[in-house]
Amino acid sequence: MAITIYTKPGCFGCRKTTEKFTEAHVVFTEVDLTAEPAALEYVTEELGYSQAPVIVVDDQFHWSGLDPTNIARAIKFARQEVAG
């Protein structure tokens, strides 16, 4: 499993979301939407989101915005996968 967090500079929700995953010791990849045009196209055109952050856990589990419930779900999911 590879969690990707699409962010933009100065975004409060982006910072808080990455902090939560970091505090939980869950590995993720951060992609700056302002520096990666293909990433921006992916989250807006393919996933249909217009608000950062966009968090992609897998093809079926992704969301947009600061969402503590989904963050907790993703952390639990990541820990279960690591545990085997």
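Residues numbered from 1 in each chain as written. Predicted model: local features only at pLDDT ≥ 70, side-chain atom pairs only at ≥ 80, totals over all residues. Heavy atoms only, no water.

(A) View of helix α1 (residues 12–23). Between its terminal C-alpha atoms α1 stretches 16 Å, which fits the 16 Å expected from 12 residues at 1.5 Å a residue. For α1, every residue scored as buried is listed here: G13, C14, T17, T18 and F21. Looking straight down α1, one finds that the buried residues subtend no more than 125° of arc, so they occupy a single side. At its buried positions, α1 is contacted by β1 (3–7), β2 (28–32), β3 (54–56), β4 (62–64) and α3 (68–83). At the C-terminal side of α1, H25 shows a positive phi close to 60°. (Helix = DSSP H or I, 4+ residues; strand = E, 2+ residues; numbered from the N terminus. Expected span 1.5 Å × (residues − 1). Buried < 20%, exposed > 50% of the residue type's maximum accessible area, 1.4 Å probe, protein only. Arc of directions from axis to C-beta. Contact = heavy atoms within 4.5 Å.)

(B) Focus on the pattern of salt bridges. For the coordinates displayed, the defined rule picks out 2 salt bridges. Among the salt bridges present, the one from R15 reaches E19, with a minimum N-O distance of 3.3 Å. Within this pair, R15 and its partner E19 are both found in helix α1, separated by 4 residues, close to a single helical turn. Notably, a salt bridge pairs E19 with K16, separated by 3.3 Å at the nearest N-O pair. Here the residue E19 and the residue K16 both occupy positions in helix α1, the gap between them amounting to 3 residues, near one helical turn. On the accessibility criterion, K16 (30% relative accessible area) is partly exposed. (Salt bridge = Lys/Arg side-chain N within 4 Å of Asp/Glu carboxyl O.)

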